[in-house]
Amino acid sequence: QCEGLPVTFTDGSTTTVGTITGWTWDFGDGPPTNNTQNPTHTYVSGGTYTVTLTATNSNGCTNTYTTTVTIPSSPVANGGADTTTCSTNPFVMLGGTVLNATGGTWIGNGTFTPSPAILNPTYTATPAEVTAGFAIVGFVTTGNGTCPADTDWVTITITPAATINAGSDISVCKDTSGFPICATVAVATGGTWTTSGTGTFTPSANVLCPTYIPSTPDTTAGTVTLVVTSTGNGTCNAAYDTLVVSF
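Just so it is clear, the model here is predicted, and its values are computed rather than measured.

(A) Layout of the layout of surface pockets. Of the volumes computed, that of the largest pocket is approximately 160 Å³. Along its surface, the largest pocket is lined by Ser13, Thr14, Thr15, Ile20, Leu53, Ala55, Thr56, Asn57, Cys61, Thr62, Asn63 and Tyr65. Elements with a contribution of two residues or more to the lining of the largest pocket: strand S4 (47-57) and strand S5 (62-71). Considering every element that reaches the lining of the largest pocket, the biggest residue donor is S4, with four residues. Of the residues belonging to the lining of the largest pocket, the class tally is five nonpolar, seven polar and no charged.

(B) Structural view of a nonpolar patch on the surface. Residues Ile107, Phe134, Ile136 and Trp153 make up a contiguous nonpolar surface patch of about 400 Å² in total accessible area. Relative to the helices and strands, isoleucine 107 is located in strand S10 (residues 103-107).

(C) Structural detail: the environment of glutamine 1. Mapped onto the secondary structure, glutamine 1 falls in the segment before strand S1 (6-8). Overall, the relative accessible area of 42% leaves glutamine 1 in the partly exposed class. Considered as a pair, glutamine 1 and cysteine 147 are 146 residues apart in the sequence and their alpha carbons are 6.8 Å apart. Apart from the residues within four sequence positions on either side, glutamine 1 is in contact with Pro6, Val7, Ile71, Pro72 and Thr146.

(D) Quick look at the state of the cysteines. Summed over the entire model, instances satisfying the criterion amount to three disulfides. Between the sulfur atoms of cysteine 2 and its disulfide partner cysteine 147 the distance amounts to 2.1 Å. Between cysteine 2 and cysteine 147, the disulfide has an S-S torsion of 95 degrees and is therefore right-handed. A residue pair is termed long-range when its members are at least 10 positions apart, and cysteine 2 in the segment before S1 and cysteine 147 in the loop between strand S13 (134-142) and strand S14 (151-159) qualify at 145 residues. Put simply, cysteine 86 and cysteine 236 are joined by a disulfide, and their sulfur atoms are 1.9 Å apart. Negative torsions about the S-S bond denote left-handed disulfides, and the value of about 95 degrees found for cysteine 86 with cysteine 236 makes this one right-handed. In this pair, cysteine 86 is assigned in strand S7 (residues 83-86) and cysteine 236 in the loop between strand S22 (223-231) and strand S23 (240-246), connecting sequence segments 150 residues apart.

(E) Geometry of the sheet that holds strand S2 (residues 20-26). Strands sit in the order S2-S4-S5 across an open sheet of three strands; the sheet is antiparallel. Only two strands of the sheet have a single neighbouring strand rather than two, namely S2 and S5. Taking the axes of each pair of neighbouring strands and ignoring which way they run, one obtains an average angle of 20 degrees across the sheet. Pairing of S4 with S5, which is carried by 10 bridges, proceeds in the antiparallel orientation. Counterpart to valine 51 in the pairing with S5 is threonine 67.

(F) Structural view of the nonpolar core. In this structure, Phe179, Ile181, Trp193, Tyr212, Leu226, Leu243 and Val245 are the most contacted members of the largest nonpolar core, which totals 16 residues. Sorting the residues of this core by element identifies S22 and S23 as the ones contributing at least two each.

(G) Seen up close, the side chain of histidine 41. Residue placement: histidine 41 occurs in strand S3 (residues 40-42). Of the polar contacts made by the side chain of histidine 41, one reaches the side chain of aspartate 29; its length is 2.8 Å.

(H) Structural context of unusual backbone geometry. A cis geometry characterises the amide bond from proline 31 onward to proline 32, with omega recorded as 5 degrees. Position of proline 32 among the secondary structure elements: in the loop between S2 and S3. Even without glycine at this site, asparagine 100 takes up a positive phi of about 65 degrees. Tracing the backbone through its elements, the reader meets asparagine 100 in the loop between strand S9 (97-99) and S10. Given a relative accessible area of 38%, asparagine 100 falls into the partly exposed group.

(I) Region of the structure containing the packing of aromatic side chains. The full count for this structure, using the stated rule, is 11 aromatic pairs. The interplanar angle of 50 degrees and the centroid separation of 4.8 Å between the aromatic rings of phenylalanine 112 and tyrosine 123 together place this pair among those described as tilted. With phenylalanine 112 in strand S11 (residues 111-113) and tyrosine 123 in strand S12 (residues 122-124), this residue pair connects regions lying 11 residues apart in the sequence. These aromatic residues form a ring-pair network of at least three members: Phe179, Trp193, Phe201, Tyr212 and Phe247.

So, how was this worked out
- Residues numbered from 1 in each chain as written.
- Predicted model: local features only at pLDDT ≥ 70, side-chain atom pairs only at ≥ 80, totals over all residues.
- Heavy atoms only, no water.
- 1 Å grid on protein atoms, 1.4 Å probe; cavity = no way out; pocket = protein on both sides within 12 Å on 5 of 7 lines; lining within 4 Å.
- Points joined across faces, edges and corners; volume = space filled by probe spheres on them.
- Helix = DSSP H or I, 4+ residues; strand = E, 2+ residues; numbered from the N terminus.
- Nonpolar A, V, L, I, M, F, W, Y, C, P; charged D, E, K, R; others polar.
- Patch = residues over 30% accessible without salt bridge, like charges linked within 9 Å, V, L, I, M, F, W, Y side chains within 5 Å.
- Areas by Shrake-Rupley, 256 points an atom, 1.4 Å probe, with all protein chains shown as cover.
- Salt bridge = Lys/Arg side-chain N within 4 Å of Asp/Glu carboxyl O.
- Buried < 20%, exposed > 50% of the residue type's maximum accessible area, 1.4 Å probe, protein only.
- Contact = heavy atoms within 4.5 Å.
- Disulfide = S-S within 2.5 Å.
- Pairing = 2+ DSSP bridges.
- Axes fitted to C-alpha atoms, helices over the stretch in contact; angles between N-to-C directions.
- Core = buried A, V, L, I, M, F, W, Y, C linked by side-chain atoms within 4.5 Å.
- Polar contact = N/O pair within 3.5 Å; in protein donor to acceptor, adjacent residues only side chain to side chain.
- Phe/Tyr/Trp six-rings, centres within 6.5 Å; stacked < 30°, edge-to-face > 60°.

This is how it looks when you write it as structure tokens:
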């Protein structure tokens, strides 16, 4: 039997004189002793214990029998920390560990690749879980011997996709020395601008709201396309948007 669960001991004593009238059990893990014939005892920790039974007959004679019992420790499942992924790529690498068991298996509504019966599969969330914004998966010990399985639960938070908006297309004068542009983002933390032309961004292309300084080839061409790509996307794919500038 496993630690934390009752173990039943059965008296096998016999006597050739009189009858057996008393029993004293010492279970090897400290007091108290037990004076019933066929007791149950719960070991709080796994290990090997020396069990002693002293039987007494009606004539007052005693005899002692000693044996050992090995109590397995309870299995422990650890599915790892709660984690986060993105709705644009709703999969996550899991990593389970077990103690006092030979393996583990994963349970959940999505798909475990290549198999749920390994410690570190990749989990792909269902469309319903993506919509809900989270998934809960369980990791269950296997090969538990005489002990009950242990389960650990992992919550996967599924964030919305990163978005970025470069703003509406604009028209500016050909002789302009520069004009402000400004993008907004959600989920992501920033953005980087690029141009189809040869102009420059000040103070940097790596801010959401720079000033674009067009080059002479830009204004001569009559249009330039500015592209802003999200940065700081976490587990999400980068998003982008375009702004067409007419001169």
